[in-house]
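Listed below are the residues making up each chain.
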Amino acid sequence: MNTDAINAELERTAFQKKAVTPLSAPEVLARAIAFFTERGYRATPAGRPGHVAVIGKGEGILPRVTGEVAARADAGKPGTTLVTLNAAGERLGPAMAEFHAALRASRRE
């Protein structure tokens, strides 16, 4: 398979955002695992504390898709959690955008 085509697809379907939420870091990670598992992805705690790895089957020309959710508590003012979202894939990118919107909605609760 042509690596240039794969790189172009990764760039086209990439989703990278940050969000701030009043939820605790463990709660954000638990929600991420539930959210992506419901959508058919394997979401598990990553090797680093405060990170969740999201892995899925091939989408489009990509043989496998991956994403990551990282949560860091008390970033900025106390009681807020900084969440970093990163993913690429035909379906995973939009799913990560949905999760981002859900986190932003949690600020209004």
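Residues numbered from 1 in each chain as written. Predicted model: local features only at pLDDT ≥ 70, side-chain atom pairs only at ≥ 80, totals over all residues. Heavy atoms only, no water.

J.: What exactly am I supposed to notice about the nonpolar core here?
T.: Soluble globular proteins: nonpolar side chains tend toward being buried together. Phe36, Val69 and Phe99 are the most contacted members of the largest nonpolar core, which totals 26 residues. Put simply, the parts of the chain that give this core at least two residues each are strand E1 (14-21), helix H2 (25-38), strand E3 (51-59), strand E4 (62-73), strand E5 (81-88) and helix H3 (92-106). In terms of residues, this core owes the most to one element, H2, which gives six residues. Val69 has contacts with Leu29, Ala32, Phe36, Gly50, His51, Val52, Val83, Thr84, Leu85, Met96 and Phe99, leaving out every residue within four places of it along the chain. (Core = buried A, V, L, I, M, F, W, Y, C linked by side-chain atoms within 4.5 Å. Buried < 20%, exposed > 50% of the residue type's maximum accessible area, 1.4 Å probe, protein only. Helix = DSSP H or I, 4+ residues; strand = E, 2+ residues; numbered from the N terminus. Contact = heavy atoms within 4.5 Å.)

J.: Where do I start with helix H1 (residues 3-13) in this structure?
T.: Each turn of an α-helix holds 3.6 residues, which means side chains three or four residues apart point in the same direction. Taken as a whole, H1 has its buried residues at Ile6, Glu9 and Thr13. Around the axis of H1, the buried residues are gathered within 60° of arc, so they sit on the same side. Opposite its buried face, H1 presents the exposed residues Thr3, Asp4 and Glu11, each directed more than 90 degrees away. Where H1 is buried, its residues touch E1, E4, E5 and H3. For H1, the side-chain oxygen to backbone nitrogen distance between the N-cap and Asp4 is 3.0 Å, and the N-cap itself is Asn2. (Arc of directions from axis to C-beta. Polar contact = N/O pair within 3.5 Å; in protein donor to acceptor, adjacent residues only side chain to side chain.)

J.: Could you clarify how one ought to interpret the sheet that holds E4 in this entry?
T.: Note on sheets: strands pair through backbone hydrogen bonds, and any given pair is parallel or antiparallel. If you trace the five strands from one edge of the open sheet to the other, you get E1-E5-E4-E3-E2, paired in antiparallel fashion. Looking along the sheet, the strands with just one partner apiece sit at the ends: E1 and strand E2 (42-45). When strand polarity is set aside, the average angle formed by the axes of neighbouring strands in this sheet is 15°. Examined bridge by bridge, E4 and E5 share seven bridges and lie antiparallel to one another. Counted as the bridge partner of Arg72 is Leu82 from E5. The strands touched by H1 within the sheet are E1, E4 and E5, with E1 carrying the most contacts at an inclination of about 30°. (Pairing = 2+ DSSP bridges. Axes fitted to C-alpha atoms, helices over the stretch in contact; angles between N-to-C directions.)

J.: I keep staring at the pairing of E3 and nothing clicks. Help me out?
T.: Along a regular strand, successive side chains alternate from one face of the sheet to the other. Across four bridges, the pairing between E2 and E3 is antiparallel. Pairing of Arg42 across the sheet is with Ile55, part of E3. Between E2 and E3, which pair antiparallel one after the other, the connecting turn spans five residues, and Gly50 there sits at a positive phi close to 80°. Pairing between E3 and E4: eight bridges, direction antiparallel. Paired with Val52 across the two strands is Val69, which belongs to E4. Where E3 folds back onto E4 in an antiparallel hairpin, the turn is made up of two residues, including Gly60, whose phi is positive at roughly 65°.

J.: For this particular structure, what's the right way to read the packing of H2 against H3?
T.: If you want to describe how two helices pack, look at the angle between their axes and the distance between the axes. For the pair H2 and H3, interaxial distance at closest approach is 11 Å and the crossing angle is 140°. Classified by the angle between their axes, H2 and H3 sit oblique to one another. The handedness of the crossing between H2 and H3 comes out as right-handed. Residue-level inspection shows Val28, Arg31, Ala32, Phe35 and Phe36 of H2 in contact with H3, the latter providing Leu92, Ala95, Met96, Glu98, Phe99, Leu103 and Ser106. (Parallel < 35°, antiparallel > 145°, perpendicular 65-115°, else oblique. Left-handed = near helix turned anticlockwise from the far one by under 90°.)

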